[in-house]
Amino acid sequence: MKYDPHKIEEKWQKKWDKEKTFKVTEDPQKKKYYLLEMFPYPSGKIHIGHVRNYTIGDVVARYKRMKGYNVLHPMGWDAFGLPAENAAIEHKIHPLKWTNDNIAHMKKQLKRMGFSYDWDREVSTCEPQYYRWEQLFFLWMYEKGLAYKKRSTVNYCGKCETVLANEQVEGGLCWRCSTEVTEKTLDQWFFKITAYIDELLEYCDKLPGWPEKVLTMQKNWIGKSYGCEVDFPLIGSNKAIKIFTTRQDTLFGATFMLIAAELPLVMELAKGKAIENDVRQFVEKVKKQDKLMRTSEYYEKEGIFLEAYCENPLTGKHMPIYATNFVLADYGTGCVMAVPTHDQRDFEFAKKFNLPLIVVIQPKGKTLDAEKMTEAYTEEGILVNSGKFDGMENLKALENIADYLESLDRGKRTIQYRLRDWGISRQRYWGAPIPMINCKKCGIVPVKETDLPIVLPRDVVLSAEGGSPLTALKKFVETTCPNCGNDAQRETDTMDTFVESSWYFDRYCSPDTDIKPGLDRKKLDYWMPVDQYIGGVEHAIMHLLYARFYTKMLRDFGVIGVDEPFTNLLTQGMVCKETMKCTEHGYLFPEQAAEGKCHLCQKEVIIGKTEKMSKSLKNVIDPDYLVQTYGADTARIFCLFTAPPEKDLEWSDQGVEGSFRFLNRLWRIFLEYWEDIKKIKTLSISHQLEGELKNLRRKTHQTIRKVTIDIEDRFHFNTAISAVMELVNAIYQLERPASTDKIALAVVREALETAIILLTPIVPHITEELWKMLGNKTEVSDVSWPEYDKAIASEEEITVVVQINGKLRSRMIVPVDEDAEKIKAVALADEKIKSLIKDAKVAKVIYVPNKLVNIVIAS
RNA sequence: GCCUGGGUGGCGGAAUUGGUAGACGCAAGGGACUUAAAAUCCCUCGGUCCUUGAGGCUGUGCGGGUUCAAUUCCCGCCCCAGGCACCA
């Protein structure tokens, strides 16, 4: 009987589907476990990254189920987003149809993988019954001032008359028509994430189940810094320029002022001067520069003198004011005091424009000369040229100078954050409508709660040009003001799709609740928070921070009762692959570049960088072929075996074969013993064995220990699988006992049963089949996770190595936990060691129990 | 550029707290079985040197350091990946 994965897998999947094996309800008698994987964007087909993510999750879900937990393991669709609109434009399919077709296909693929989802809880975010609650929350947020409108800039293509996503800008040009992208200012909706900023930061230290690196990234993203706001009076005016600095210790060295070019203040200062036109041109130029690159160390620092001066509040010296490209408008006040002697960027700028340098920090034991400096001195030191603060250590002076500024009323201590409020407006069709109305008389008016949901209309035509199709749809836009009853217009911006993904895990707890607020508090109190969240590390900052913010907000609305949504987080590494490009036809799918030639023009394909698999780069692998050729169990075990979950996986076709071979090996050794072990009972724990059988039984119990630790503590499935492979190898190595040797067969049965149970979360189909063949009435997924016996698993003898000066010289086999002095004596008596030591003096003998002896000799 | 990770044989990886570097698997080579092939089973497999041994030296991105002992800790550098606020 051959191992036939397709037959076995489809049989069990049908059963799971029909019997709703993985459906769960709240059961106060059982301990709950909420396992969540990041839901997918329905891009068309599942990719290897999904298979990896969901296999990891499924192993944990099935493992916890066997451990006796009531496991919630849901799945759904992050169904709004840009690709649906692009598909609509390119293939003339409505985004809804495109999305739903993709969902249907991907759902089939996920089911074919054998994942243990409770499909009755499926959620699709583009459905009004989902986003209506998000619109309700929006109204509540508006009421509390947590949603507000503010002017902000977007990337705009004048030719397409369309707002472009960052992804749609290629080297400053529109991806469709290559027109130069410009900045456009619009009134947009923001969520006030900064209202929760300190709680978000504090809880970074209260999430022990999160990877340290993610918390560090979030802390840095929030970027809390302590400093001072300082006023620099404008000469010839009663106004002042306000700056933020964390380096008030260098204030006496500030010799000029820098302003971000896009600040309105720039044109105000230039107004009416001869340079006004030049300044305007400079500002336009800067606006076109890449925001990322502008602040780079190597980017050309540009600036223009505004023919204006301000006064240093401590020295009284006049400081020329420049507009520049390397100061960010949206951090701090957008103005920076320049201290060329102690900031490298300021130094370069000062050299370029021939501006004065004053040293205010002297390093210990050296004297800096402003004339001879070739770069800024950014280390610690002693203050000079700083009035009454001279001689003070610069770090200590931070406090004193802050006090002084406050006493002069020229500045005050402030806290500055890097994190900005969350802009959620999108000038797009395929998203949740923002439930607001613009009335000429009443201004911005919220939709009445009773009028929700504002359903996204279906009958729109999408094209590459002309902006959001909602704006053009009269029947959607035209409405009456809920306040005064006059004609008014609906908001046509839709919400960022990160809004949907900020609460879908709540909705899974009560997916069918259709009364306000769409979340059943009782059910949420049972399931929330998520015990284990698993997803790509690329979401480490934005998605996770937004979800944390939204959770705290919903808590304050009384909708849920938890402070944080995810107790434990596993960030899996990405699946990466090299990209392939044709000079004429752009990125190519692997099958479009067979034998290194473009399928359209036969031109040589350019192999590009290795990057995260993504549809836009077309460097994707279709998991269907894996399932078709080897079955879902092989695809699952391969994804787990190839690398530990948190590590990036660079795709290679090698290795799948080996995973398939292992399952066949398990199948064959099982068949070898099948007839003989069917009716054999397992041995009691206390049964004494000798020799090979004793060794096999020890290996069996050691394997339980190893696999349990690897799954429970580390999620290191690759080493768990290795351990089971070793156990299977050990069964192969045992000399085949006679059919009458009940004791030996019982040991083999225990080893095989153990291998099957331990592999159940990983490869659920083949194990279910083998378990049934053993004559069991229940299913293996309902079996309790096995416990190992400490006595059986323990070794009696152990290899201890002998080192001389840290170099391996000999090894010896000794009883485990042997007396230290005895072992040292045996090591020194070793023939080989003796001949190596000869007459040298033994300075020290170190013994690491059950591991090694290191003999230190004088050379 | 900034923030965060990572770098170990031909390849994926293992080494859990500073203690035997290379588990397990892939690829490769050799052998057995077979008319043959596939499948299967067995053996070899970091590099290098010779006196071919239960051998020596060397080896975890590069250069230093701490230690009896460093893939692991510290300092400096190189390379790769992710995120950088409208891809999700």
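Residues numbered from 1 in each chain as written. Chains lettered and ligands numbered in written order. Predicted model: local features only at pLDDT ≥ 70, side-chain atom pairs only at ≥ 80, totals over all residues. Heavy atoms only, no water.

## Overview of the overall build of chain A
When helices and strands are tallied, chain A shows 28 helices and 35 strands. C-alpha atoms of chain A, sized along the principal axes, occupy 105 × 85 × 65 Å. Contacts spanning at least 24 positions in sequence make up 72% of the contacts within chain A whose residues lie at least 6 apart. Carbon and sulfur atoms make up 50% of the accessible area of chain A, which amounts to about 39900 Å² in all. (Helix = DSSP H or I, 4+ residues; strand = E, 2+ residues; numbered from the N terminus. Contact = heavy atoms within 4.5 Å. Areas by Shrake-Rupley, 256 points an atom, 1.4 Å probe, with all protein chains shown as cover.)

## Digging into the nonpolar core
Among the nonpolar cores identified, the biggest contains 196 residues, and Tyr34, Phe191 and Leu554 are the most heavily contacted of them. Looking at this core, the element that brings in the most residues is helix H24 (residues 742–759), giving twelve residues. Formed by 58 residues, the second largest nonpolar core is a distinct cluster that contains Ile243, Ala260, Ile401 and Ala402. (Core = buried A, V, L, I, M, F, W, Y, C linked by side-chain atoms within 4.5 Å. Buried < 20%, exposed > 50% of the residue type's maximum accessible area, 1.4 Å probe, protein only.)

## A closer look at the packing of aromatic side chains
The full count for this structure, using the stated rule, is 45 aromatic pairs. On the numbers, 5.4 Å between centres and 90° between planes, the contact of phenylalanine 191 with tryptophan 422 is edge-to-face. Taken together, the residues phenylalanine 191 in strand E9 (residues 182–191) and tryptophan 422 in strand E19 (residues 422–423) connect sequence positions 231 residues apart. Grouping residues by exposure puts phenylalanine 191 and tryptophan 422 together as buried. Considering the side-chain rings of phenylalanine 505 and phenylalanine 566, the 4.9 Å spacing of their centres and the 70° angle between planes classify their relative orientation as edge-to-face. (Phe/Tyr/Trp six-rings, centres within 6.5 Å; stacked < 30°, edge-to-face > 60°.)

## Re the sheet that holds strand E18 (residues 411–416)
Strand order in the open sheet formed by three strands is E11-E10-E18, and the pairing between neighbours is antiparallel. Only two strands of the sheet have a single neighbouring strand rather than two, namely strand E11 (240–245) and E18. The mean angle between the axes of side-by-side strands here comes to 30°, regardless of whether they run parallel or antiparallel. Examined bridge by bridge, strand E10 (residues 225–233) and E18 share six bridges and lie antiparallel to one another. Note that in E18 the partner of glycine 227 across the bridge is threonine 414. Packing of helix H12 (residues 394–408) onto the sheet brings it into contact with E10 and E18, and relative to E18 it is tilted by some 125°. (Pairing = 2+ DSSP bridges. Axes fitted to C-alpha atoms, helices over the stretch in contact; angles between N-to-C directions.)

## Regarding unusual backbone geometry
The amide bond that connects leucine 452 to the next residue, proline 453, takes the cis arrangement and shows omega of 0°. Of note, the bond from lysine 516 into proline 517 is cis; its omega dihedral lies within 30 degrees of zero at 5°. Residues other than glycine seldom take positive phi values, yet serine 178 does so here, at roughly 60°. With respect to the helices, strands and loops of the structure, serine 178 is situated in the loop between strand E8 (173–174) and E9. Overall, the relative accessible area of 49% leaves serine 178 in the partly exposed class. One non-glycine residue with positive phi stands out, namely asparagine 805, at about 50°. Mapped onto the fold, asparagine 805 is located in the loop between strand E32 (797–804) and strand E33 (807–815).

## Regarding the environment of lysine 159
Examined against the element boundaries, lysine 159 turns out to sit in the loop between strand E5 (147–157) and strand E6 (162–164). Of the residues examined, lysine 159 reaches a relative accessible area of 57% and is grouped as exposed. C-alpha of lysine 159 to C-alpha of leucine 265: the two residues are 106 residues apart in sequence and 30 Å apart in space. Filtering out sequence-adjacent residues up to four positions away, lysine 159 remains in contact with Cys177, Thr179 and Glu465.

## Let's talk about the protein's contact with RNA strand B
Around RNA strand B, the surrounding shell holds 73 residues, and the nearest of these are Asp78, Arg428, Thr642, Arg665 and Asn854. Near the protein, within 4 Å, the atoms of RNA strand B are sugar or phosphate in 69% of cases. A distance of 2.6 Å separates a sugar or linking oxygen of RNA strand B from a polar backbone atom of asparagine 166. Between RNA strand B and the protein, one listed contact pairs a base nitrogen with a backbone N or O atom of serine 425 at 3.4 Å. When residues in the surface near RNA strand B are grouped by element, the largest group, seven residues, is from helix H23 (residues 717–733). Among the residues making up the surface near RNA strand B, the classes are represented as 25 nonpolar, 23 polar and 25 charged. (Near = heavy atom within 4 Å. Polar contact = N/O pair within 3.5 Å; in protein donor to acceptor, adjacent residues only side chain to side chain. Nonpolar A, V, L, I, M, F, W, Y, C, P; charged D, E, K, R; others polar.)

## Section: the environment of valine 826
As for its position among the elements, valine 826 is in helix H27 (residues 820–829). Residue classification places valine 826 among the partly exposed positions, given a relative accessible area of 43%. The spacing of valine 826 and methionine 812 is 14 residues in sequence and 8.6 Å in space, taken between C-alpha atoms.

## A look at the pattern of salt bridges
Any two side chains of opposite charge can pair, given that their charged atoms come close. Counted by the stated rule, this structure contains 57 salt bridges. In this structure, arginine 749 and glutamate 753 form a salt bridge, with 2.8 Å as the shortest nitrogen-oxygen distance. Linking arginine 749 with glutamate 753, this pair stays in helix H24, spanning four residues, or about one helical turn. Relative accessible area serves as the criterion here: at 6%, arginine 749 is assigned to the buried category. For glutamate 753, a relative accessible area of 16% translates into the label buried. (Salt bridge = Lys/Arg side-chain N within 4 Å of Asp/Glu carboxyl O.)

## Considerations on the pairing of E33
With eight bridges connecting them, E32 and E33 associate as antiparallel partners. Residue glutamine 803 lies in a different strand from E33, and its bridge partner there is leucine 808. Between the end of E32 and the start of E33, which pair antiparallel, lie two residues, with asparagine 805 showing a positive phi angle near 50°.

## Overview of the state of the cysteines
A full pass over the atoms with the stated rule returns zero disulfides. Summary of cysteine pairing: cysteine 484 is not part of a disulfide, and the nearest cysteine sulfur, belonging to cysteine 439, is at 3.6 Å. Cysteine cysteine 639 is unpaired, with the sulfur of cysteine 576 as its nearest cysteine sulfur at 14 Å. (Disulfide = S-S within 2.5 Å.)

## With respect to the layout of surface pockets
A volume near 370 Å³ is recorded for the second largest pocket. Lining the second largest pocket are 21 residues, and of these Gln427, Gly466, Gly467, Ser468 and Thr471 sit closest to its centre. Of all the secondary-structure elements, those providing two or more residues to the lining of the second largest pocket are E6, E9 and helix H13 (469–472). (1 Å grid on protein atoms, 1.4 Å probe; cavity = no way out; pocket = protein on both sides within 12 Å on 5 of 7 lines; lining within 4 Å. Points joined across faces, edges and corners; volume = space filled by probe spheres on them.)

## Quick notes on empty space enclosed by the protein
Taken as a whole and assessed by the stated rule, the structure comprises one cavity of 30 Å³ or more. The volume enclosed by the largest cavity comes to roughly 200 Å³. Surrounding the largest cavity, 21 residues form its lining, Glu85, Ile89, Thr162, Ser463 and Ala464 being those nearest its centre. Of all the secondary-structure elements, those providing two or more residues to the lining of the largest cavity are helix H3 (82–91) and E6. Looking at which element gives the most residues to the lining of the largest cavity, the answer is H3, with four residues. For the lining of the largest cavity, the residue count by class is eleven nonpolar, seven polar and three charged.

## With respect to the domain arrangement of chain A
For chain A, the domain assignment lists domain 1 (32–146 + 193–221 + 503–574), domain 2 (147–192 + 429–497), domain 3 (225–416), domain 4 (576–634), domain 5 (655–793) and domain 6 (797–857). Of note, the centres of domain 3 and domain 4, computed from C-alpha atoms alone, are 50 Å apart. (Domains from an automatic or database assignment.)

## As for the packing of H23 against H24
Running from amino to carboxyl end, H23 crosses H24 at an angle of 155°, the nearest separation of the two axes being 10 Å. One finds that H23 runs roughly antiparallel with respect to H24. In the crossing of H23 with H24, the sense of the turn from one axis to the other is left-handed. Of the residues in H24, those touching H23 at Val724, Leu727, Val728 and Ile731 are Val748, Ala751, Leu752, Thr754, Ala755, Leu758 and Leu759. The class makeup of the residues in the contact of H23 with H24 is ten nonpolar, one polar and no charged. (Parallel < 35°, antiparallel > 145°, perpendicular 65-115°, else oblique. Left-handed = near helix turned anticlockwise from the far one by under 90°.)

## Some thoughts on the environment of aspartate 493
Residue placement: aspartate 493 occurs in the loop between strand E24 (487–490) and strand E25 (494–495). Remark: the alpha-carbon pair of aspartate 493 and valine 123, spanning 370 residues in sequence, is separated by 23 Å. In contact with aspartate 493, other than residues within four places in its own chain, are Asp187, Ser425, Arg426, Gln427, Pro433 and Ile434. There is a polar contact of 3.0 Å between the side chain of aspartate 493 and the side chain of serine 425. In terms of polar contacts, aspartate 493 uses its side chain to reach the side chain of glutamine 427, at 3.3 Å.

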